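Overview (structure and organization)
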Amino acid sequence: MLLTAYTGVVGAFLYVLGCREPLPGLHERYVAARWRQALGSAMHCVAGDGVGILAGAVLSSVLHLAGVTEMILE
């Protein structure tokens, strides 16, 4: 669900389309389609990258870093 925080309505739509199973206990069957696996993998990657960038931004702010150093940390 982190993806929806970054991408809003589009991310919520992609999450429901690709990852959210229609009924409890059907996740494995629901995500068996390759396109759903690819979409889920891409969404997890975007969410993880976003968390890393936000953590880097917070750390660079706390450490008073700027410029290239901040960019490398993020």
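Please read these numbers as outputs of a predicted model, since none were measured by experiment.

1. Some details on the side chain of S60
Tracing the backbone through its elements, the reader meets S60 in helix α4 (residues 34–62). From its side chain, S60 meets the backbone oxygen of A57 in a polar contact 3.0 Å long. Here S60 is in contact with L65, E70, L73 and E74, once residues within four sequence places are set aside.

2. Quick word on unusual backbone geometry
Its identity as a non-glycine residue notwithstanding, H64 has a phi of 55 degrees, on the positive side. Along the polypeptide, H64 turns up in the loop between α4 and α5 (68–73). Judged by relative accessible area, H64 falls into the exposed class, the value being 70%.

3. Points about a nonpolar patch on the surface
A cluster of nonpolar side chains, L2, Y6, V46, V51 and L54, forms an exposed patch at the surface whose accessible area comes to about 400 Å². Structurally, the position occupied by L54 is in helix α4.

What counts, and at which threshold
Residues numbered from 1 in each chain as written. Predicted model: local features only at pLDDT ≥ 70, side-chain atom pairs only at ≥ 80, totals over all residues. Heavy atoms only, no water. Helix = DSSP H or I, 4+ residues; strand = E, 2+ residues; numbered from the N terminus. Polar contact = N/O pair within 3.5 Å; in protein donor to acceptor, adjacent residues only side chain to side chain. Contact = heavy atoms within 4.5 Å. Buried < 20%, exposed > 50% of the residue type's maximum accessible area, 1.4 Å probe, protein only. Patch = residues over 30% accessible without salt bridge, like charges linked within 9 Å, V, L, I, M, F, W, Y side chains within 5 Å. Areas by Shrake-Rupley, 256 points an atom, 1.4 Å probe, with all protein chains shown as cover. Salt bridge = Lys/Arg side-chain N within 4 Å of Asp/Glu carboxyl O.

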